[in-house]
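# Examining the three-dimensional arrangement
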Amino acid sequence: MAHHKSAQKRIRSSERRKKFNKMTDSKIKTVVKKTLATDKKEEVEKLYKEAISVLDKGTAKGRLHKNTAARKKSRLTKHLNKVTAEK
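Reference entry: report on the structure contained in this document. Quantities reported herein were computed from a predicted structural model and do not represent experimental measurements. (Residues numbered from 1 in each chain as written. Predicted model: local features only at pLDDT ≥ 70, side-chain atom pairs only at ≥ 80, totals over all residues. Heavy atoms only, no water.)

## Here's the deal with the overall build of the protein
Heads up, the rule is: Numbering of helices and strands runs from the N terminus, with a helix taken as a DSSP run of H or I at least four residues long and a strand as a DSSP run of E at least two residues long. Only C-alpha atoms enter the radius of gyration; for comparison, a globular chain is expected to reach 2.2 Å times N to the power 0.38, where N is the number of residues. Note on contacts: a residue pair is in contact if any heavy atoms of the two residues lie within 4.5 Å. Per-residue and other accessible areas were derived by the Shrake-Rupley procedure at a 1.4 Å probe size, with only the shown protein chains allowed to occlude residues. Positive: Lys, Arg. Negative: Asp, Glu. His and the chain ends are not part of the count. Throughout, a charge is located at the NZ atom of Lys, the CZ atom of Arg, the CG atom of Asp or the CD atom of Glu.
On a plain count of helices and strands, the protein comes out with three helices and zero strands. The N-to-C order of helical and strand elements in the protein reads α-α-α. Relative to the 2.2 N^0.38 estimate, which gives 12 Å for 87 residues, the radius of gyration of the protein is 18 Å and therefore markedly larger than a compact globule would have. By its C-alpha atoms, the protein is 65 × 20 × 15 Å across when sized along the principal axes. If you take every contact in the protein between residues at least 6 apart in sequence, the share linking residues at least 24 apart comes to 56%. Looking at the protein as shown, the accessible area adds up to about 6900 Å², and 53% of this sits on carbon and sulfur atoms. On the protein, the mean spot of the 28 positive side-chain charges and the mean spot of the 9 negative ones are 12 Å from each other.

## As for the pattern of salt bridges
As a working rule, side chains carrying opposite charge can pair if their charged atoms are close by. How we decide: In what follows, salt bridge is the name for a side-chain nitrogen of Lys or Arg lying within 4 Å of a carboxyl oxygen of Asp or Glu.
Scanning the entire structure with this criterion turns up four salt bridges. The salt bridge involving K27 is made with E50; its shortest N-O contact spans 3.2 Å. You can see K27 sitting in helix α1 (residues 5–37) and its partner E50 sitting in helix α2 (residues 41–60), a full 23 residues away along the chain.

## A word on α1
Let me state the cut-off plainly: Working rule for helices: expected span equals 1.5 Å times residues minus one. Throughout, exposure labels follow a simple rule: accessible area from a 1.4 Å probe, protein chains only, divided by the maximum for the residue type, with under 20% read as buried, over 50% as exposed, and the rest as partly exposed.
Taking 1.5 Å of rise per residue, 33 residues should cover 48 Å, and α1 covers 48 Å from first to last C-alpha, within 8% of that figure. Buried residues of α1: S13, T24, I28, V31, V32 and T35, and no others. Looking at the buried side of α1, the elements it contacts are α2 and α3 (66–86).

## Quick look at α3
To keep it simple, the criterion reads: Taken from the helix axis, the directions to the C-beta atoms give the arc we talk about.
The end-to-end C-alpha separation of α3 is 30 Å, in line with the 30 Å expected for 21 residues at 1.5 Å each. Turning to α3, its buried residues number three or more, namely T68, A69, L76, H79, L80 and V83. All buried residues of α3 lie within an arc of 105° about the axis, which places them on one face of the element. Of the exposed residues in α3, those oriented more than 90 degrees away from the buried face are K66, K78, K82 and A85.

As structure tokens, then:
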């Protein structure tokens, strides 16, 4: 265990960040999987908007690399175009 006050604070704050980062990563994965799994036009459009928003927020806060977010958005857009073209 740390003895210095600053080291103890660093441990506490890193635990808080760890929880937040894990929650954000989980949210990104969930929303992307949900969007790709759906084949109904209205649902896909709604989930697509939410997924793009979550990815942009993750990129802005440094959770995701911008190219990773761009790749995921590209896949989601392809799926959206495919679903909307079929119906």
